[in-house]
Amino acid sequence: MDLTPDPLALQLRKALRAGLAGIPARIEPHGAPVTDGACSPTRAVLDALEAADFERPAGPGGLCLGLSAGVLVSEELGHAARGNSYRADAFAADLGVSAPSVALAGLEALPVGNGVIATPRADGWELTGTATIDDPSADLFLVATRVDGDPVLVAVERGADGVSTQDTSWPPVVRFETTPIVAADVAGALDDAPTGPLARARLRQAAYLLGIADGAHRMAVEYVGLRRQFGTRLRDLPAVSFPLARAMVAVRATRAAVHRGAWLVDSEPDAVGTAPLVALAMASETARDVVRLSMQSCGVRAMTSELGLHRYFRLAASESTRYGDPSALWRMVGADRVRAARRATA
């Protein structure tokens, strides 16, 4: 892995930050902190940069920049505390699904995938259950469920029988009441293939959480450098500076894990192993811990609309279990290490 700065990555990061800085942030302490999906204002920025083509293979429209570019896009969206209009389109592209707008549903229940139940029937299955969703106005929902015991993604149109959405709370939800599906609706498997769609999606989500942690930390550092108390800056008080320093170490360690995982998927697919699981578990824990420490460092101002840390807090809380609960991911990593040790001693 080449640790020297990539000029293309630096230019892309600069362009993303400039574009996202022009999008007004939702600073209200109540209501949805971001807008996801096709209606998100971040969509215009990503379309202007042709981000949808970053990960596509070279050919008609594809730029073949690899997952490393997709991870960078997700990180910058989290850093700006904006909605993630990238992950659903990237996941759909990995599966070969084409639709004007796509939303992901039920991925907060991974790795077990029991949020939406698929009950067998004569010509297929019936979906029943409720799941969170990015964009309730999307034309197509990619729903995580289990079919014949195997975790899969099922494509369901928004206008299908038994489908209803509710956006009065955040995040919005989609409900299925005996919604019929057939074998042709199964878009792909949610397996643990090292370079499969789920592994790639987990690394993008890890990068989004990493960006949330980094953005909250930077905001806290700027504030405590200006705010004075007891005749000195908050940043000069050990009770404030030491936790922020530990948070910075956690952010940098997580960044190394996330970008190493993306590099392995792009360059060393045979060595990927559990890197996506480790990156997502680390990023989930880092986002929650760093945002909490950042808010504690800023005191009562952390929840004010002017400072805006509440947006990072709510994003970290809602996004930290998407694509798998951290404890479940660590158990999967541990089980893989045990199996590898047994094979080595056999």
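Model, not experiment: these values are computed from the prediction. (Residues numbered from 1 in each chain as written. Predicted model: local features only at pLDDT ≥ 70, side-chain atom pairs only at ≥ 80, totals over all residues. Heavy atoms only, no water.)

Chemist: I'd like to hear about the overall build of the protein chain, residue by residue, with values.
Modeler: Of the regular secondary structure elements, the protein chain holds nine helices and ten strands. A globule of 346 residues ought to have a C-alpha radius of gyration of about 20 Å, and the protein chain, at 21 Å, matches this closely. Once the C-alpha set of the protein chain is aligned to its principal axes, its extents read approximately 75 × 55 × 40 Å. Partitioning the contacts of the protein chain with sequence separation of at least 6, the portion at a separation of at least 24 is 72%. About 15700 Å² of surface is accessible on the protein chain, with carbon and sulfur atoms providing 56% of the total. For the protein chain, the centre of its 35 positive side-chain charges and the centre of its 39 negative side-chain charges are spaced 10 Å apart. (Helix = DSSP H or I, 4+ residues; strand = E, 2+ residues; numbered from the N terminus. Rg over C-alpha atoms; globule rule 2.2 N^0.38 Å. Contact = heavy atoms within 4.5 Å. Areas by Shrake-Rupley, 256 points an atom, 1.4 Å probe, with all protein chains shown as cover. Lys, Arg positive; Asp, Glu negative; His and termini not counted. Charge placed at Lys NZ, Arg CZ, Asp CG, Glu CD.)

Chemist: Which residues make up the packing of helix α1 (residues 7-21) against helix α3 (residues 67-79), and what values do they have?
Modeler: Where α1 meets α3, the axes come as close as 10 Å, and the angle between the chain directions of the two elements is 30°. In this structure, the crossing between α1 and α3 has a hand that is right-handed. Contacts from Ala9, Leu12, Arg13, Leu16, Arg17 and Leu20 in α1 reach Ala69, Leu72, Val73, Glu75, Glu76, Leu77 and His79 in α3. Of the residues assigned to the contact of α1 with α3, the class counts are eight nonpolar, one polar and four charged. (Axes fitted to C-alpha atoms, helices over the stretch in contact; angles between N-to-C directions. Left-handed = near helix turned anticlockwise from the far one by under 90°. Nonpolar A, V, L, I, M, F, W, Y, C, P; charged D, E, K, R; others polar.)

Chemist: So what's going on with the packing of helix α4 (residues 87-95) against helix α5 (residues 197-226)? Which residues, and what values?
Modeler: Axis separation between α4 and α5 bottoms out at 10 Å; the angle between their running directions is 165°. The angle between α4 and α5 falls in the class roughly antiparallel. In the crossing of α4 with α5, the sense of the turn from one axis to the other is right-handed. Taken together, the residues of α5 that come into contact with α4 (itself represented by Arg87, Ala90, Phe91, Asp94 and Leu95) are Pro197, Leu198, Arg200, Ala201, Arg204, Gln205 and Tyr208. Of the residues in the contact of α4 with α5, the class split is seven nonpolar, one polar and four charged. (Parallel < 35°, antiparallel > 145°, perpendicular 65-115°, else oblique.)

Chemist: So, a nonpolar patch on the surface: which residues are in play, and what are the values?
Modeler: Nonpolar side chains collect at one region of the surface, where Leu8, Leu63 and Leu65 lie side by side and expose about 230 Å² of accessible area between them. Inspection of the secondary structure assignment puts Leu63 in the loop between α2 (42-48) and α3. With a relative accessible area of 39%, Leu63 lands in the partly exposed category. (Patch = residues over 30% accessible without salt bridge, like charges linked within 9 Å, V, L, I, M, F, W, Y side chains within 5 Å. Salt bridge = Lys/Arg side-chain N within 4 Å of Asp/Glu carboxyl O. Buried < 20%, exposed > 50% of the residue type's maximum accessible area, 1.4 Å probe, protein only.)

Chemist: Could you give an account of the pattern of salt bridges, with specific residues and numbers?
Modeler: In total, this model carries 24 salt bridges according to the counting rule given. The shortest N-O distance in the salt bridge between Glu75 and Arg13 comes to 3.5 Å. In this pair, Glu75 sits in helix α3 while Arg13 sits in helix α1, placing the two residues 62 residues apart along the sequence. By relative accessible area, Glu75 is classed as buried at 2%. With a closest N to O distance of 3.4 Å, Arg121 and Glu126 form a salt bridge.

Chemist: Could you give an account of the environment of Leu16, naming the residues involved and the relevant values?
Modeler: Secondary-structure assignment places Leu16 in helix α1. With residues up to four places along the chain from it excluded, the contact list for Leu16 reads Leu46, Leu49, Leu72, Val73 and Glu76.

Chemist: Any chance you could break down the nonpolar core for me, citing the residues and the numbers?
Modeler: Judged by nonpolar contacts, the single largest core of 80 residues is most densely connected at Phe91, Leu107, Leu309 and Tyr323. Tallying contributions element by element places α5 first for this core, with 15 residues. Formed by 19 residues, the second largest nonpolar core is a distinct cluster that contains Ala103, Ala131, Ile133 and Val152. (Core = buried A, V, L, I, M, F, W, Y, C linked by side-chain atoms within 4.5 Å.)

Chemist: Describe in detail the environment of Val147, supporting the description with residues and values.
Modeler: Along the chain, the position of Val147 falls in strand β4 (residues 140-147). A relative accessible area of 8% places Val147 in the buried class. With 36 residues separating them along the chain, Val147 and Ala183 place their C-alpha atoms 9.6 Å apart. With near-sequence residues (within four places) excluded, Val147 lies in contact with Ala118, Trp125 and Val152.

Just distances and angles here, no functional claims.
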